[in-house]
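# Breakdown of the fold
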Amino acid sequence: QQQVKQSPQSLIVQKGGISIINCAYENTAFDYFPWYQQFPGKGPALLIAIRPDVSEKKEGRFTISFNKSAKQFSLHIMDSQPGDSATYFCAASGGRGGADGLTFGKGTHLIIQP
Amino acid sequence: KAGVTQTPRYLIKTRGQQVTLSCSPISGHRSVSWYQQTPGQGLQFLFEYFSETQRNKGNFPGRFSGRQFSNSRSEMNVSTLELGDSALYLCASSPWTGNSEQFFGPGTRLTVL
């Protein structure tokens, strides 16, 4: 069964610190790895995504690191701010032309303390 | 561009009833996917529609169905509602089918009593 395992479940980081969320996948056919940010009462918003032909992608304070051999990828939030407090989901898709939709991790509840 | 819109935003039904949820994708997007979000199971893929055809379906019973219209708008239907169907139902649109970016709407919160 396709799975994406996400850790930690919850994370508390001080303002200005680095938030790190990790994900591991099993299906080697996955070839698209997005991260979503969700605030209470809202739908998930696409934050950043990576494909396995690169090992890192950076957009502003958000960076994805990707390790194909270990089948792991992570989200780093630099200079974390209270406004970053939200639930973050990693996801993966691929194989069968992505016909199976996105497979999501269980989410990480991030709290940035001022 | 306007984002993905979903109606209604909130819905309360009783067991045994049926419900229809609606989704309007971003203008120009032709693929619509549906997901169920619950505290216990997280986000789970229901199905995707592209060019009015269901491409694939997740591991959900036949009570869950959908359709897509020629203008790419989509509806999903749940028949014979069960208490466990209480969830946030999310619609996501993307320009094309397959591994493309998916943009989510705000969801429809369904409560089954």
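Our subject is the structure that appears above.
Residues numbered from 1 in each chain as written. Chains lettered and ligands numbered in written order. Predicted model: local features only at pLDDT ≥ 70, side-chain atom pairs only at ≥ 80, totals over all residues. Heavy atoms only, no water.

## Concerning the overall build of chain B
For the record, the criterion: In this description a helix means any DSSP run of H or I spanning at least four residues, a strand means any run of E spanning at least two, and both kinds are numbered starting from the N terminus. Radius of gyration: C-alpha atoms only; globule rule: 2.2 Å multiplied by the number of residues to the exponent 0.38. Think of it in three bands: residues with accessible area under 20% of the maximum for their type are buried, residues over 50% are exposed, and the middle band is partly exposed, with areas taken using a 1.4 Å probe on protein chains only. Contacts are assigned to residue pairs that have any heavy atoms within 4.5 Å of one another. What sets the accessible areas is the Shrake-Rupley method with a 1.4 Å probe; for residues, cover comes only from the shown protein chains.
Tallying secondary structure elements over chain B gives 0 helices and 11 strands in all. Of the regular secondary structure in chain B, the N- to C-terminal order runs β-β-β-β-β-β-β-β-β-β-β. By the compact-globule yardstick of 13 Å for 113 residues, chain B fits well, its C-alpha radius of gyration being 13 Å. Seen through its principal axes, chain B has C-alpha atoms that stretch 35 × 25 × 25 Å. Here chain B holds 113 residues, and the buried ones make up 51% of them. Relative to all contacts within chain B whose residues are 6 or more apart in sequence, the contacts with residues 24 or more apart total 54%. In the form shown here, chain B has an accessible surface area of approximately 5200 Å², with 49% of it arising from carbon and sulfur atoms.

## Comments concerning the environment of Phe64 of chain B
Residues and elements named next belong to chain B. The topology assignment puts Phe64 in strand β7 (residues 64–68). Between the C-alpha atom of Phe64 and that of Leu90, which follows or precedes it by 26 residues, the distance is 14 Å. In this structure, Phe64 is in contact with Gln36, Leu46, Phe47, Lys57, Met76, Asn77, Val78, Asp85 and Tyr89, ignoring residues within four places of it in sequence.

## Topic: the interface of chain B and chain A
Note the cut-off: Salt bridge, as used here: a side-chain nitrogen of Lys or Arg that lies within 4 Å of a carboxyl oxygen of Asp or Glu. Polar contact is defined as a pair of N or O atoms within 3.5 Å, subject to the rule that within protein one atom must be able to donate a hydrogen and the other to accept it, and that residues adjacent in sequence are counted only when both atoms are side-chain atoms. Throughout this entry, Asp, Glu, Lys and Arg are counted as charged residues, while Ala, Val, Leu, Ile, Met, Phe, Trp, Tyr, Cys and Pro are counted as nonpolar. The remaining residues, Gly among them, count as polar.
Between chain B and chain A, the contact holds 21 residues from the first and 22 residues from the second. Here chain B and chain A share 0 salt bridges between them. For the interface between chain B and chain A, the tally reads 4 residue pairs in polar contact (both at pLDDT 80 or more). Per element, the largest residue contribution to the side of chain B that touches chain A is 3 residues, and it comes from strand β5 (residues 42–50) of chain B. For the side of chain B that touches chain A, the residue count by class is 8 nonpolar, 10 polar and 3 charged.

## Looking at the environment of Gln113 of chain A
Residues and elements named next belong to chain A. Structurally, the position occupied by Gln113 is in strand β11 (residues 108–113). Between the C-alpha atom of Gln113 and that of Gln81, which follows or precedes it by 32 residues, the distance is 8.1 Å. Once you skip the residues sitting within four places of it in the chain, Gln113 turns out to touch Ile12, Val13, Gln14 and Lys15.

## Here's the deal with the nonpolar core
Soluble globular proteins: nonpolar side chains tend toward being buried together. The test is simple: Only buried Ala, Val, Leu, Ile, Met, Phe, Trp, Tyr and Cys residues count toward a nonpolar core, and they belong to the same one when joined by side-chain atoms within 4.5 Å.
Counting residues in hydrophobic clusters, the biggest one holds 24 residues, and the most contacted among them are Phe33, Trp35, Phe73, Leu75 and Tyr88 of chain A. Every element with two or more residues in this core is listed here: β2 (10–14), β3 (19–25), β4 (30–38), β5 (45–50), β7 (62–67), β8 (72–77), β9 (86–94) and β11 of chain A. Look past the residues within four positions of Tyr88 of chain A in its chain and what remains in contact with it is Gln6, Ile21, Tyr36, Gln37, Leu47, Leu75, Ile77, Gly107, Thr108 and Leu110 of chain A. Judged by nonpolar contacts, the second largest core, of 21 residues, contains Val19, Ile26, Val32 and Val78 of chain B.

## Some points on the pattern of salt bridges
All names here are of chain B. Per the counting criterion, the structure on display carries 7 salt bridges over all chains. In this structure, the salt-bridge partner of Arg67 is Glu75, at a minimum N-O distance of 3.2 Å. When its relative accessible area of 46% is taken as the criterion, Arg67 is described as partly exposed. The exposure class of Glu75 is buried, given its relative accessible area of 16%. One salt-bridge network, held together by shared partners, links Arg63, Glu82 and Asp85.

## Thoughts on the sheet that holds strand β1 (residues 4–7) of chain A
All names here are of chain A. The criterion, for reference: Pairing between two strands is assigned when DSSP locates at least 2 bridges connecting them. Fitted lines through C-alpha atoms give the axes, limited to the stretch in contact for helices. The angle between two N-to-C directions lies from 0 to 180 degrees.
Pairing is antiparallel across the open sheet formed by 5 strands, whose spatial order is β1-β3-β8-β7-β6. One side of each edge strand has no neighbouring strand; the edge strands of this open sheet are β1 and β6 (56–59). Each adjacent strand pair in this sheet contributes to an overall mean axis angle of 15°, direction not counted. The pairing of β6 with β7 spans 4 bridges and is classified as antiparallel. Residue pairing in the sheet places Glu59 in a bridge with Phe62 of β7.

Without other data, these values stay purely geometric and don't point to any function.
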